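These are the residues of each chain, in order.
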Amino acid sequence: MTRRWKVVAAALALAASLQGAVAQEAPNTEVSGAVSLWTWPHNDRTLSSLLPEFNKAYPNVKVRIQGFPSGNNAYLNKLLSALLAGTGPDIAMVEINNVAQLSDKQQFADLSKPPFNAGALKADFAPFAWSKIEDPATGRIFALPKHTGPGGVFYRRDLFAAAGLPGDPQALAATLKDWDAFIEAGKKIAKPNERWMVGTGNELVRAYIAQHGVSYFDKDGGLQVGGPVFRQAFELVAKARDAGLISPFAMWTPEWQGAFARGQIATIVVGNWFGGLLKSAYAPGDAGKWGVVPAPAAENGVSAFNWGGDFLGVLETSKNKDAAWALVKWIAMNDTSLKLQYEKGDLYPAYMQAGTAPWINFQDPYYDGQNANEIFAKVQAEMVPQTTNPLDSIASQAVETAVNAVVTSGKPIDAALAQAEAEIKAKM
Amino acid sequence: MMAGFLASHERRANVLVTIGLGVFSIVFVLPLYWTAVMATRRLEEVFQFPPPVFFGDAVFDNFARIQAVYEPLAPLVNSLIVAVPKTAGLVLVSALAGYGFARYRRAKGHQLLLLLAFATLFFPPSLALIPFFLEMNWFGWLDSFWPLIVPALASGFGVIWMYTYISGTVPHELYEAAEVDGAGAFPVFFRIVLPIIRPGLAALGVWTLISTWNDFQLPLVILTDQTKFTVPLALTSLNSIYFADLPAVMLATMIGLVPVFMLFAFLSRQFISGLTGGAVKS
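Please read these numbers as outputs of a predicted model, since none were measured by experiment.

Colleague: How do you make sense of the overall build of chain A when you look at a structure like this?
Modeller: The helix and strand inventory of chain A stands at 17 helices and nine strands. Rg of the C-alpha trace for chain A: 23 Å, near the compact-globule value of 22 Å for 428 residues, within the 12% margin. For the C-alpha atoms alone, the extent of chain A along its principal axes is close to 65 × 65 × 35 Å. Split into buried and exposed, the 428 residues of chain A put 54% on the buried side. Sequence separation of 24 or more characterises 76% of the internal contacts of chain A that already satisfy a separation of 6 or more. Summed over all atoms, the accessible surface of chain A reaches about 17,800 Å², with 54% contributed by carbon and sulfur. Computing the positive centroid from 38 side-chain charges and the negative centroid from 40, chain A places the two 4 Å apart.

What follows is the structure in structure tokens.
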């Protein structure tokens, strides 16, 4: 009796869930037309690979994904000139570093208005990401958040264990509780001309200032470089340099990329998406050797920081806003879309509900069975938005140059900061 | 004995010069060689230290990765469609204008027009990019090859170059003699001037071809359809924001160089005589 009841119940539940699934995936044939989306490589390939799934949901929408080079602001310049001439795409993807240059451009449709009414979606997205796209004064929403870059520390389990430090992430997180502890641990790992604790000084500065909620400029446009937080960040770099913890390689150079596979860099302090690069490009053969811990906390106790992220905006010139909006929402919110993007490049969804999905919470063999999302989900919830400014890219370059001078030629902190300040002010 | 000494001395000097030039040319050829080596290597091999110096066996894998992103030969065709008509047109227009300036020196506005052509050399092209873009949009030429070819035909540099070259190589008496014979301006240009200035045309042509082949900014702003991308744009499509697929990029670079090499081999005799042409002027 009870057994039969169970079978019936199970059958009913199965039928209900199937019906639910069918109802959810019933294709929308009302929205139709052609839409174009501009982005940069590899996103063009990643998004193109999603289109068969999108067309199951919207069979009458024809999508064209176009990718343009991202280096040296090439994509930004292409988009800006198209905005001026009114020849842009229906949808433009915006990288987090370009938000300040684009968010006030009226060529982006205000998504808070009909037919978008994006204001109703606010609670569905990470507050950190939402703060970047909504103007608190006017309520204008210029884009929908796609991905964020919750930050942490990727580390080599085997190198830590060999140095007598914990290889297990839980134990190591306690060891690397703050930046002083990070430097002490680094002294056991680093070997002159052979192995370093971190690749660059700049990643320490980026994480440290973000933990303090400070950026290159404050809300009123006042330059923060040279202020107390930047000075402390540079002092941290100088300490790491004196202990021989920082490699001589510059970020993104071939030497630096190769150092990961050679086991010469023990940790990297960076956004979660770096895991995707480790797995696919920098160290595909080192599965099981890597692990993830939260970043060491700053003096204020904050460990969380963000590095990276992107957004999708609909242009005012779009002749097919309904189809464009359907695509934007599908890319940024649909479970299949977010799952495929996570599988392709560890892209962390800004859409909150995805944080509990099974495809993001699993024992990742690359991290020796660790569920990295236990760390990144917490960071996503805690990270503090930094102020953005149109001059951010100039400022970040000047600061990176200054950090590298401190690391490689032992330049005094005061002189390095003063030079960075002067460089930025000359362009203000 | 003296002659023998001189000969051996000269021979020794020749050997030294040859060795010196050989070492010097290695400096120039080495990056190209290393590009070719990397194009045949696996990604992880490129990142090794010390880097590999001999060819590897991954050239087909690398080619497949280019193929996954774009049709490997399409950017070559696009670049040729842009570069060949632009080069031919620019050289012809510049030579005609230069001929006019060199021959009709007493024409009204001669100085002013020449000055205008000269002034364009001092105008930074990046300043004109946005107005140029808006103008091309007004023409309805965006996302086509026209903006990359037609406006470039009026080249201030080309006009000044050909004016200087023609003034230096074609003696004015030639025009006077032709006038006496009753030949018109165009027949004189095509039958008499053009054959004399061929080396100058070739030099301008090679310069135009190479700078067009390498141009990045203008095609990026004008072209949107990826199937129309020229070689430099296609190359950057192989990289992502945080990662460079070096072997694929190097292989694509080598493929992109092939037409330039072929054209240069075809034109090199003209080019070299263009460089030395003025040296033996009577």
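Colleague: Sorry if this is basic, but what is going on with the pairing of strand S3 (residues 91–95) of chain A here?
Modeller: Regular strands place side chains that alternate from one sheet face to the opposite one. Residue and element names in this part refer to chain A. The buried fraction of S3 amounts to five of the five residues, a majority that puts the element mostly inside the structure. Residue alternation in S3 divides its side chains into two sets, Ile91, Met93 and Glu95 and Ala92 and Val94, and both sets are buried. Pairing of strand S1 (residues 33–39) with S3 involves two bridges; the strand directions are parallel. Bridging from a neighbouring strand, leucine 37 pairs with isoleucine 91 of S3. In the sheet, S3 pairs with strand S8 (residues 306–314) via five bridges, with the strands oriented antiparallel. In the strand pairing of S8, alanine 92 is matched with glycine 313.

Colleague: I tried to follow the packing of aromatic side chains on my own but got confused; where do I start?
Modeller: To describe a pair of aromatic rings, one takes the distance between the centres and the angle between the planes. All names here are of chain A. For the structure shown, the criterion picks out 42 aromatic pairs over all chains. Where tryptophan 38 meets phenylalanine 68, the ring centres are 4.9 Å apart and the plane angle is 70 degrees; that geometry is what we call edge-to-face. Here tryptophan 38 is found in strand S1, whereas its partner phenylalanine 68 is found in the loop between strand S2 (61–67) and helix H3 (74–85), with 30 residues between them in sequence. On the accessibility criterion, tryptophan 38 (3% relative accessible area) is buried. Ring geometry for phenylalanine 260 against tyrosine 282: centres 5.8 Å apart, planes inclined by 10 degrees, an arrangement best described as stacked. Taken together, the residues phenylalanine 260 in helix H11 (residues 254–261) and tyrosine 282 in helix H12 (residues 274–282) connect sequence positions 22 residues apart. In this structure phenylalanine 260 comes out as buried when scored by relative accessible area, which is 0%. Here tyrosine 282 falls in the buried class, since its relative accessible area comes to 2%.

Colleague: So what exactly am I meant to see when it comes to the interface of chain B and chain A here?
Modeller: Much of the literature gives interface size as the accessible area that the parts lose upon coming together. Residue-level contacts link 31 residues of chain B with 32 residues of chain A. Taken over both partners, the interface formed by chain B and chain A buries close to 2,500 Å², and the fraction arising from carbon and sulfur atoms is 62%. At the junction of chain B and chain A, the tally comes to one salt bridge. At the junction of chain B and chain A, the tally comes to nine residue pairs in polar contact (both at pLDDT 80 or more). Sorting the residues of the side of chain B that touches chain A by element identifies helix H6 (129–139), helix H12 (217–222) and helix H13 (231–237) of chain B as the ones contributing at least two each. By residue class, the composition of the side of chain B that touches chain A is 21 nonpolar, nine polar and one charged.

Colleague: Please explain a nonpolar patch on the surface as it appears in this structure.
Modeller: Residues and elements named next belong to chain B. A cluster of nonpolar side chains, namely Phe24, Ile26, Val27, Phe28, Val29, Leu30, Tyr33, Trp34, Val53, Phe54 and Phe55, defines an oily patch on the protein surface of about 1,200 Å² accessible area. Within the secondary structure, valine 27 is located in helix H1 (residues 2–39). For valine 27, a relative accessible area of 55% puts it in the exposed group.

Colleague: Is there a simple way to explain the packing of helix H9 (residues 202–211) of chain A against helix H10 (residues 228–242) of chain A in this structure?
Modeller: Axis angle and axis distance: for two packed helices, these are the angle between their axes and the distance between the axes, and together they describe the pair. Residues and elements named next belong to chain A. Across the interface, H9 lies against H10 with an axial gap of 9 Å and an inter-helix angle of 145 degrees. Between H9 and H10 lies a crossing of right-handed hand. Across from Leu204, Val205, Tyr208 and Ile209 in H9, the residues of H10 making contact are Val229, Phe230, Gln232, Ala233, Phe234, Leu236, Val237 and Ala240. When the residues that make up the contact of H9 with H10 are grouped by side-chain class, the tally is 11 nonpolar, one polar and no charged.

Colleague: Would you take a moment to explain the nonpolar core for this structure?
Modeller: Soluble globular proteins tend to bury their nonpolar side chains together. In this structure, Phe154, Phe230, Phe234 and Phe274 of chain A are the most contacted members of the largest nonpolar core, which totals 188 residues. Sorting elements by how many residues they give to this core places helix H13 (residues 321–333) of chain A first, with 10 residues. Residues contacting phenylalanine 274 of chain A, with those up to four places away along its chain left out, are Phe154, Trp252, Trp256, Phe260, Ile268 and Tyr282 of chain A. Leu90, Ala178, Phe189 and Leu194 of chain B belong to the second-largest nonpolar core, a separate cluster that totals 24 residues.

Colleague: What is the right way to look at the side chain of histidine 147 of chain A in this model?
Modeller: Residues and elements named next belong to chain A. Within the secondary structure layout, histidine 147 lies in strand S4 (residues 144–156). Of note is the side chain of histidine 147, whose polar atom sits 2.9 Å from the side chain of lysine 146. Aside from chain neighbours lying at most four places away, what touches histidine 147 is Gly309, Asp310, Leu338, Gln341, Leu347, Tyr348, Pro349 and Ala350.

Colleague: Please explain unusual backbone geometry as it appears in this structure.
Modeller: Leave glycine aside and you will find that most residues have negative phi; peptide bonds, for their part, are mostly trans. Residue and element names in this part refer to chain A. Residue histidine 42 is reached from proline 41 by a cis peptide bond, and omega for that bond is -10 degrees. Position of histidine 42 among the secondary structure elements: in the loop between S1 and helix H2 (43–57). With an omega of 5 degrees, the peptide bond running from proline 114 to proline 115 counts as cis. In this structure, proline 115 sits in the loop between helix H4 (99–102) and helix H5 (127–133). Positioned with a positive phi, asparagine 117 is a non-glycine residue whose angle comes to about 50 degrees. Relative to the helices and strands, asparagine 117 resides in the loop between H4 and H5. On the accessibility criterion, asparagine 117 (40% relative accessible area) is partly exposed. One non-glycine residue with positive phi stands out, namely aspartate 346, at about 50 degrees. Along the chain, the position of aspartate 346 falls in the loop between helix H14 (335–345) and strand S9 (348–349).

Colleague: Would you mind showing me how to read the pairing of strand S7 (residues 290–293) of chain A here?
Modeller: Residues and elements named next belong to chain A. Side chains Trp290 and Val292 of S7 all project onto a buried face; the interleaved residues Gly291 and Val293 project onto the opposite face, where all are buried too. By the bridge criterion, four bridges tie S4 to S7 in an arrangement that is antiparallel. The residue of S7 that forms the bridge with arginine 156 is tryptophan 290.

Colleague: Any chance you could explain the confidence of the model for chain B here in plain terms?
Modeller: Detailed conclusions should not be drawn from predicted coordinates in areas where pLDDT is low. When pLDDT is averaged along chain B, the result is 87, and 92% of the positions lie at 70 or above. Of the two predicted TM-score estimates for the complex, the pTM is 0.86 and the ipTM is 0.78.

Criteria and thresholds
- Residues numbered from 1 in each chain as written.
- Chains lettered and ligands numbered in written order.
- Predicted model: local features only at pLDDT ≥ 70, side-chain atom pairs only at ≥ 80, totals over all residues.
- Heavy atoms only, no water.
- Helix = DSSP H or I, 4+ residues; strand = E, 2+ residues; numbered from the N terminus.
- Rg over C-alpha atoms; globule rule 2.2 N^0.38 Å.
- Buried < 20%, exposed > 50% of the residue type's maximum accessible area, 1.4 Å probe, protein only.
- Contact = heavy atoms within 4.5 Å.
- Areas by Shrake-Rupley, 256 points an atom, 1.4 Å probe, with all protein chains shown as cover.
- Lys, Arg positive; Asp, Glu negative; His and termini not counted.
- Charge placed at Lys NZ, Arg CZ, Asp CG, Glu CD.
- Pairing = 2+ DSSP bridges.
- Phe/Tyr/Trp six-rings, centres within 6.5 Å; stacked < 30°, edge-to-face > 60°.
- Buried area = accessible area lost by both parts, 1.4 Å probe.
- Salt bridge = Lys/Arg side-chain N within 4 Å of Asp/Glu carboxyl O.
- Polar contact = N/O pair within 3.5 Å; in protein donor to acceptor, adjacent residues only side chain to side chain.
- Nonpolar A, V, L, I, M, F, W, Y, C, P; charged D, E, K, R; others polar.
- Patch = residues over 30% accessible without salt bridge, like charges linked within 9 Å, V, L, I, M, F, W, Y side chains within 5 Å.
- Axes fitted to C-alpha atoms, helices over the stretch in contact; angles between N-to-C directions.
- Left-handed = near helix turned anticlockwise from the far one by under 90°.
- Core = buried A, V, L, I, M, F, W, Y, C linked by side-chain atoms within 4.5 Å.
- pLDDT = per-residue confidence, 0-100.

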